[in-house]
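Structure assessment
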Amino acid sequence: GEIVLSGVRPTGQLHLGNYFGALRNYVKMQEEYNCYFFIADLHSLTTHPDTRELREHILSVTSYYLASGLDPDKCVLYCQSDLPQTTELYLYLNMLAYKGELEKTTTFKDKIKQHPENVNAGLLTYPVLMASDILIHRAHYVPVGKDQEQHLEMTRTFGNRFNHRYGEVFPEPKAFNYGAQLLKVPSLDGAGKMSKSENQYATIYLSDDDDLIRKKVMKAKTDSGPTEPNSEKPDYIVNIFDMMKLVSDPSAIEKYEADFNACTIRYGDLKKQLAEDMVRFISPIREKAKAIREDERALSIILKVGAQKAAENAEKTMQMVRQAMGLKYF
Ligand code: TYM
């Protein structure tokens, strides 16, 4: 069957963007495809996290994978650093990735601005490592959010370059979302995408307790409401409706749409509705993850078994790669 690969960096807690951009698709895809889902701990090293915290975050992300519905009998779950074939492929692909194109990557340019004191080579070649994650399994589909689109484009470039130079090994991987368009979950402060860090009230984490979720939603940016019937919504109001589309009943959304168009909408009520729907959505996942996290031994076994299964496929790829490159000298 067709192969799927995706993963999440274990940098802090997972948030709604990670869930709706990525995890929700993983859970559906495991029923249909040959799926590999991993935890990108090596990518996290580019920003120099405390490696003791990294271990905790790897266990936490694994717990959320399982709590969201990933089933180790239906998909392969592993930790990136447990699959050394990825880093071998990364080395070869680095010879096919040019400094100029790497410097043009949006995520790299953002990181330079945020942390000019830490512009390391791993950061520059971040897309090459990501391409290796994908190509090591010869993946066809990669469920990701909109922010990863450019990395997928680069993965195709590197894969095609390899195929062209050494012979056909890699299929062309496509970014994937069941809603067709790649998703961008907005930040609650009305600016940009939801992401780890930044403004503490702008991001809803899957680990947030019910009251914190309510508090964050109620703080989301609004204004005093429309003054003209059927007027255009400001971006931050569009964002609130977009969030409702993720967790609320369509009939509730229709009602607030109509209220907006009639200028009778009360944003306090709108946000209360969103807050309650969000709580109803998140709390069971959070509680399940908490319970799963308790059994560290079970989690480590799942990742170990997963790494063994991942290695079987990865080693096949590497044999094809070494063969194609002519690196089997004797
Ligand atoms: P990361 O850890 O930043 O995010 C994990 C996944 O969550 C998605 N995502 C979002 N989707 C919609 N709206 C948002 N606001 C939002 N924020 C995050 C991301 O698109 C991603 O799918 N480089 C990757 C990790 C990675 C990877 C890979 C992914 C490494 N190798 C190979 C796929 C395949 C990253 O930093 O994702």
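Residues numbered from 1 in each chain as written. Predicted model: local features only at pLDDT ≥ 70, side-chain atom pairs only at ≥ 80, totals over all residues.

In the annotation of an unreviewed UniProt entry, the protein chain is listed under the name Tryptophan--tRNA ligase and assigned to Niabella drilacis. A UniProt comment under Subunit (unreviewed entry) is attached to the protein chain, and it reads "Homodimer." If you open the UniProt record of the protein chain and go to Subcellular location (unreviewed entry), you find "Cytoplasm". (UniProt positions renumbered as here; feature names shortened; annotations may be inferred.)

1. Observations regarding the overall build of the protein chain
Along its length, the protein chain carries 14 helices and five strands. Expected size for 330 residues packed as a compact globule is a radius of gyration near 20 Å; at 21 Å, the protein chain falls within 12% of this value. With 330 residues in all, the protein chain has 40% of them scored as buried. Of the contacts formed within the protein chain by residues at least 6 apart in sequence, a portion of 80% connects residues at least 24 apart. (Helix = DSSP H or I, 4+ residues; strand = E, 2+ residues; numbered from the N terminus. Rg over C-alpha atoms; globule rule 2.2 N^0.38 Å. Buried ≥ 20, exposed ≤ 12 C-beta atoms within 10 Å, placed from the backbone. Contact = placed C-beta atoms within 7 Å.)

2. Focus on the UniProt feature "short sequence motif: 'HIGH' region" (unreviewed entry) in the protein chain
Following the UniProt record, one finds the feature "short sequence motif: 'HIGH' region" (unreviewed entry) at residues 10-18. From the first C-alpha to the last, residues 10-18 spans 11 Å; its make-up is 33% helix and 0% strand.

3. A look at helix α1 (residues 16-29)
Working note: α-helix, 3.6 residues per turn, so residues spaced by three or four point in the same direction. If you check α1, its first and last C-alpha atoms are 19 Å apart, about what 14 residues at 1.5 Å a residue would give, namely 20 Å. Those residues of α1 not exposed but buried are Leu-16, Gly-17, Asn-18, Tyr-19, Phe-20, Gly-21, Ala-22, Leu-23, Asn-25, Tyr-26, Val-27 and Met-29. Against the buried residues of α1 lie β1 (3-8), β2 (34-39), α3 (51-68), β4 (141-143), β5 (174-176) and α11 (235-247). (Expected span 1.5 Å × (residues − 1).)

4. Thoughts on the domain arrangement of the protein chain
Domain annotation for the protein chain reports domain 1 (3-176 + 296-325) and domain 2 (210-289). Of the residues lining the interface, five residues belong to domain 1; the matching set on domain 2 comes to four residues. Among the residues forming the side of domain 1 that touches domain 2, the class breakdown is three nonpolar, two polar and no charged. (Domains from an automatic or database assignment. Nonpolar A, V, L, I, M, F, W, Y, C, P; charged D, E, K, R; others polar.)

5. Re the site of the ligand
Taken together, 26 residues lie around the ligand, and Arg-9, Gly-17, Gly-21, Val-144 and Gly-145 are the ones closest in. Those elements that place two or more of their residues in the shell around the ligand are β1, α1 and α8 (126-135). (Near = placed C-beta within 6 Å.)

6. Topic: the pairing of strand β3 (residues 75-79)
The element β3 is largely enclosed, with a buried count of five among its five residues. Residues of β3 alternate between two faces, with Cys-75, Leu-77 and Cys-79 on one and Val-76 and Tyr-78 on the opposite face, all of them buried. The pairing of β2 with β3 spans five bridges and is parallel. Each bridged residue has a counterpart across the sheet, and for Tyr-36 the counterpart in β3 is Val-76. (Pairing = 2+ DSSP bridges.)

7. Quick notes on the UniProt feature "binding site: L-tryptophan" (unreviewed entry) in the protein chain
Here, UniProt's "binding site: L-tryptophan" (unreviewed entry) annotation points to Asp-133. Residue position: Asp-133 is located in helix α8. Excluding residues that lie within four positions of it along the chain, Asp-133 makes contacts with Leu-5, Gly-7, Phe-38, Ala-40, Gln-80 and Thr-86.

8. What to know about the nonpolar core
Among the nonpolar cores identified, the biggest contains 86 residues, and Phe-37 and Tyr-78 are the most heavily contacted of them. If one sorts the elements of this core by residue count, α1 sits on top with eight residues. Each of domain 1 (3-176 + 296-325) and domain 2 (210-289) contributes no fewer than three residues to this core. Beyond its immediate sequence surroundings of up to four residues, Phe-37 is in contact with Ser-6, Gly-7, Tyr-26, Tyr-65, Leu-70, Cys-75 and Leu-77. (Core = buried A, V, L, I, M, F, W, Y, C linked by C-beta atoms within 7 Å.)

9. Thoughts on the environment of Lys-290
Locating Lys-290 in the fold gives a position in helix α13 (residues 267-294). When the C-alpha positions of Lys-290 and Gly-225 are compared, they lie 39 Å apart, and in sequence the two are 65 residues distant.

10. A look at the environment of Glu-56
With respect to the helices and strands, Glu-56 occurs in helix α3. Using a count of 12 C-beta atoms within 10 Å as the deciding quantity, one classes Glu-56 as exposed. As for Glu-56 and Pro-10, which are separated by 46 residues in sequence, their C-alpha atoms are 8.8 Å apart.

11. A few points about unusual backbone geometry
Even without being a glycine, Asn-230 presents a positive backbone phi close to 50°. Overall, Asn-230 belongs to the exposed group, with 9 C-beta atoms counted inside 10 Å. Despite not being glycine, Cys-263 has its phi angle at roughly 65°, a positive value. As for its position among the elements, Cys-263 is in the loop between α12 (250-261) and α13.

12. Notes on the packing of helix α10 (residues 210-218) against α13
Between α10 and α13, the least distance of the axes is 9 Å, while the angle of their chain directions is 145°. Our pair here, α10 against α13, has a crossing hand that is right-handed. Residues Asp-210, Ile-213, Arg-214, Val-217 and Met-218 of α10 pack against Lys-271, Leu-274, Ala-275, Met-278, Val-279, Ile-282 and Ser-283 of α13. Split into classes, the residues belonging to the contact of α10 with α13 amount to eight nonpolar, one polar and three charged. (Axes fitted to C-alpha atoms, helices over the stretch in contact; angles between N-to-C directions. Left-handed = near helix turned anticlockwise from the far one by under 90°.)

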